[in-house]
Amino acid sequence: MRYGTFELGEAEGTVLAHSIRLPSGRVPKGQVLSQDDIARLSEEGVASVVAVRLDPGDMLEDEAAATIAGAIAPDNLRFSEATTGRVNIYARVDGLFVADRAVVDALNRIDPAITLACLADHVAVRAGDMVATVKIIPLAVGGDKVAQAVSLLSEAVAFEVKTFRPRAVTLVATELPSLKASVMDRTARLLEQRLAPSGSRLIKEIRIPHSADRLTKVLRELESREIDEPAMVIVFGASAVADADDVIPAAIRRAGGEVEQVGMPVDPGNLLVLGRIGEVPVLGAPGCARSPKENGFDWVLNRLMAGETPTSFDITGMGVGGLLMEIPTRPRPRDATAEKKGTLSVGALLLAAGQARRMGKDGPHKLLAEFGGVPLVRRSAEVLSSSQASPVVAVTGHRRGEIEAALAGLDIRLHFNSGYASGMAGSLVTGFSAPELAEKDGILVMLADMPGVTTDHVNMLIAAFREAGGGVVVRSVSEGKRGNPIILPRVAYDAVLRLEGDVGARAIIENSGLSVIDVDIGPAAHLDVDTPEAVTAAGGVLRG
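The numbers attached to residues start from 1 for each chain and follow its sequence in the written order. Whole-chain, interface and lining totals are the exception, using all residues; otherwise, since this is a predicted model, local features are given only for residues with pLDDT of at least 70 and side-chain atom pairs are given and counted only at 80 or more. Values shown for side chains rest on all heavy atoms present in the structure; no hydrogens or waters enter the calculation.

A few points about the packing of aromatic side chains
Argument step 1. Put simply, two rings from Phe, Tyr or Trp (the six-membered ring, in Trp's case) pair if the centres are within 6.5 Å, and we call them stacked under 30 degrees between planes, edge-to-face over 60, tilted for the rest. The full count for this structure, using the stated rule, is 4 aromatic pairs.
Argument step 2. In this structure, Arg400 is placed above the aromatic ring of Phe416, and the distance from its NZ or CZ to the ring centre is 4.2 Å. Two conditions define a charge sitting above a ring: the NZ of Lys or the CZ of Arg must be within 6 Å of the ring centre, and it must be within 35 degrees of the ring normal.

Details of the nonpolar core
Argument step 1. Put simply, buried Ala, Val, Leu, Ile, Met, Phe, Trp, Tyr and Cys residues joined by side-chain atoms within 4.5 Å make one nonpolar core. Relative accessibility decides the category of a residue: with a 1.4 Å probe and only protein chains considered, values under 20% of the type maximum give buried, values over 50% give exposed, and everything between is partly exposed. If you look at the biggest cluster of nonpolar residues, it comprises 67 residues, and the most contacted ones within it are Leu349, Val377, Phe432, Leu444 and Val474.
Argument step 2. Among all residues touching Leu444, those that are not within four sequence positions of it are Val346, Gly347, Ala348, Leu349, Leu384, Val458, Leu461, Ile462, Pro485, Ile486 and Ile487. Throughout, a contact is declared for two residues whenever any of their heavy atoms are within 4.5 Å.

Focus on the pattern of salt bridges
Side chains that carry opposite charge are capable of pairing whenever their charged atoms lie near each other.
Argument step 1. Put simply, a salt bridge is a Lys or Arg side-chain nitrogen that is within 4 Å of an Asp or Glu carboxyl oxygen. For the structure on display, the rule yields 14 salt bridges.
Argument step 2. The closest approach of N and O atoms between Glu404 and Arg400, which form a salt bridge, is 3.1 Å. With Glu404 and Arg400 both in helix α12 (residues 400-406), this residue pair falls 4 residues apart, about one helical turn.
Argument step 3. Note that Arg490 and Glu439 form a salt bridge whose closest N and O atoms lie 4.0 Å from each other. Within this pair, whereas Arg490 is found in the loop between β28 (481-489) and α15 (493-497), its partner Glu439 is found in the loop between α13 (424-432) and β26 (442-447), the two being separated by 51 residues in sequence.
Argument step 4. Take Arg490: its relative accessible area is 36%, and that puts it in the partly exposed class.
Argument step 5. Each of the salt bridges in this network shares a partner with another, and the network as a whole consists of Asp185, Glu205 and Arg207. Strands here mean DSSP runs of E at least two residues long; helices mean DSSP runs of H or I at least four residues long; both are numbered from the N terminus.

Describing the packing of helix α2 (residues 61-69) against helix α4 (residues 143-155)
Argument step 1. For every element, the axis is a line fit to its C-alpha atoms; helices are fit only across the contacting stretch, and the angle between N-to-C directions ranges from 0 to 180 degrees. At a minimum axis separation of 9 Å, α2 and α4 run at an interaxial angle of 15 degrees. If you check the angle between α2 and α4, you find them roughly parallel. As for the relative orientation of α2 and α4, their crossing is right-handed in sense. Contacts between α2 and α4 involve Ala64, Thr67 and Ile68 from the former and Val146, Ala149, Val150 and Leu153 from the latter.
Argument step 2. Taken together, the residues of the contact of α2 with α4 break down into 6 nonpolar, 1 polar and no charged. Roughly parallel means an angle under 35 degrees; roughly antiparallel, over 145; roughly perpendicular, 65 to 115; everything else is oblique. In this scheme, a crossing is called left-handed if the near helix is turned counterclockwise away from the far one by less than a right angle; it is called right-handed if the turn is clockwise. Residue classes follow a fixed rule: Ala, Val, Leu, Ile, Met, Phe, Trp, Tyr, Cys and Pro count as nonpolar, while Asp, Glu, Lys and Arg count as charged, and any other residue, Gly among them, counts as polar.

Considerations on the sheet that holds strand β16 (residues 201-209)
Argument step 1. Spatially, β16-β15-β17-β20-β19-β18 is the arrangement adopted by the 6 strands of the open sheet, whose pairing is mixed. The sheet is open, and its two edges are formed by β16 and β18 (258-262), each paired on a single side. Adjacent strand axes in the sheet meet at a mean angle of 20 degrees when their direction is disregarded.
Argument step 2. Between any two strands, at least two bridges found by DSSP are needed for them to pair. Direction of pairing for strand β19 (residues 273-277) relative to strand β20 (residues 280-285): antiparallel, over a ladder of 5 bridges. Considered in β20, the bridge of Val273 is made with Gly284.
Argument step 3. Across the face of the sheet, helix α5 (residues 181-195) comes into contact with β15 (168-175), β16 and β17 (231-236) while running at roughly 155 degrees to β16.

Comments concerning the side chain of Ser387
Argument step 1. As for its placement among the helices and strands, Ser387 is situated in the loop between α11 (376-385) and β24 (392-396).
Argument step 2. Two N or O atoms count as a polar contact when they lie within 3.5 Å, although within protein this holds only if one can serve as hydrogen donor and the other as acceptor, and sequence-adjacent residues are included solely when both atoms are side-chain atoms. Polar side-chain contacts of Ser387 include one of 2.7 Å to the backbone oxygen of Leu384.
Argument step 3. Polar side-chain contacts of Ser387 include one of 3.1 Å to the backbone nitrogen of Ala389.
Argument step 4. If we skip the residues at most four places from it in the chain, Ser387 touches Thr455, Val458 and Asn459.

Section: the confidence of the model for the protein
Argument step 1. Confidence of the prediction at every residue is given by pLDDT, a number between 0 and 100. Confidence in the prediction for the protein averages 89 pLDDT; 94% of positions are at 70 or higher.
Argument step 2. Helix α10 (residues 338-343) is the least confidently modelled element of the protein, averaging 54 in pLDDT, while helix α3 (residues 101-108) averages 98, the highest of any element.
Argument step 3. Here residues 326-339 is modelled with pLDDT under 50, and outside its nearest four sequence neighbours on either side it reaches 33 contacts, counting other chains as well.

Here we look at the sheet that holds strand β25 (residues 413-416)
Argument step 1. With mixed pairing, 7 strands are arranged side by side in an open sheet as β25-β24-β21-β26-β28-β27-β29. With partners counted over all chains shown, the strands left at the sheet margins are β25 and β29 (516-520), one partner each. Strand-to-strand twist across the sheet, computed as the mean angle between neighbouring axes with direction ignored, equals 25 degrees.
Argument step 2. Bridge analysis of strand β27 (residues 473-478) against β28 gives 4 bridges, and the strand direction is antiparallel. Paired with Arg475 across the strands is Ile486, a residue of β28.
Argument step 3. Packed onto the sheet, α13 meets β21 (346-352), β24, β25, β26 and β28 and runs at close to 145 degrees relative to β21.

So, the environment of Gly319
Argument step 1. Its location among the elements puts Gly319 in the loop between α9 (312-316) and α10.
Argument step 2. Taking relative accessible area as the criterion, Gly319 reaches 37% and is therefore assigned partly exposed.
Argument step 3. Separated by 52 residues in sequence, Gly319 and Asp267 place their C-alpha atoms 8.9 Å apart.

With respect to unusual backbone geometry
Argument step 1. A cis geometry characterises the amide bond from Ser390 onward to Pro391, with omega recorded as -5 degrees.
Argument step 2. Residue position: Pro391 is located in the loop between α11 and β24.
Argument step 3. Looking along the chain, the bond that leaves Asn484 and enters Pro485 is cis, with omega of 5 degrees.
Argument step 4. Along the chain, the position of Pro485 falls in strand β28.
Argument step 5. Its identity as a non-glycine residue notwithstanding, Thr84 has a phi of 50 degrees, on the positive side.
Argument step 6. Its location among the elements puts Thr84 in the loop between β7 (77-79) and β8 (86-91).
Argument step 7. A positive phi angle is found at Arg399, which is not glycine, with a value near 50 degrees.

Re α11
Argument step 1. Counting buried residues in α11 gives 7 out of 10 residues, a clear majority hidden from the surface.
Argument step 2. Among all positions in α11, only Leu376, Val377, Arg379, Ser380, Ala381, Val383 and Leu384 are buried.

Some remarks on the side chain of Lys440
Argument step 1. Structurally, the position occupied by Lys440 is in the loop between α13 and β26.
Argument step 2. Positive residues here are Lys and Arg, negative ones are Asp and Glu, while His and the chain termini are left out of the count. No salt bridge forms around the buried Lys440; measuring N to O, its nearest opposite-charge neighbour Asp441 is 7.7 Å away.
Argument step 3. At 3.2 Å, the side chain of Lys440 and the backbone oxygen of Ser390 are in polar contact.

See the structure below:
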């Protein structure tokens, strides 16, 4: 194949490398130029084209991509038509995507013109998810190279989607006085949601004291009386596993089972236990599995649901990529069905009641400072009104009349905090008591003095909340430092309503036990205007 510039007189049969726009229409990239094409280009004043001339045996990009993709075993996969040298490959079922790095790497090293990109190994997928793509880089590639790729894919499996297999799961939860029943209830609900993609179901929950003797007894009874294939036992201990002879691994062995692995190089998820009683897997869940955030428990659970039998060798090989703690926005595991995610409702609460004491006694009100000719409080309300949050509630207090006048005409609901002088807690209680917000799955709380926050920022926070399935705190950060706005889930509303004094929601976030998803929105997360100097520095103009 020869790439270059060809005079029209020698361009017949070449493949156009770049599309050409003509008054009479477009000649697309990839077109094999015919005599008629040459005549048309000449009439339009084109003297030369950038194209490639094929050598004997070369294959055009679409034919090459389709030929290579056709060599991939089609089980549980769907293939797109080849276009622009690309074939996309999708999962046809819910399951586990499994890739062989050696095969994928070998294919990609046949020739730079041939590429295969796919998901990471052992990733859970849903039907319709794209899992791989075959892409031919140039307009054509040597047929001998395509033949090598086909031969490789015919002899080895580059990747596959293993269908999830439903299991009947028994949950055994051990109890200590320090563990709240509400935490255990939520654990069971989250486990059911984790099991749902595989079609598995929680058939029984047993709660017992945190004791190796009691757990041994329960496991023996289950093994002998209640477990029918395919089955699984998941144990949530009230206390973290501290040793290979701790309660959960000791009970598995005493019940006649084997312990495959205690601990794993995935964080969160280090304290996992994997064992087996007969043919029944027994999975000791780490404490982090009480959260919907992805952790090592999910990695092992997904393998079991896909019919794999993870070994100690498999688990100890999960360290590369196993640091999940620093990736807070990962959405899996899904804490709700995909359908529910899209319908999670988020309202917005704008806090505009403060006295702005740092602006000076009887000084100008920071919320009435104009940014681009618009009062800051109105600009903040417009940001929320243009977002995916609905409805928008604003809480007013100090200089109520002026603030509400600045908000006139907007589609927002106003609530007055008569106790605004006592601090932020009163405004939060007023807002969270608003009937318009009471039934929302989450409430986004925004301070009215943050001129850097945009509608896109707000929508990013809402998207993270919905992708996580709700039930989590979403917090704005910048370079890892926490800021505002935030989203609080419905489960936290009661705690907000108990706040008193000049405190915000930080204590609730830190003490609730809820998962926190941090979304980096840049400097806007920290930019508030508490002083006249800050208003001016941020581009505002102070008014009376």
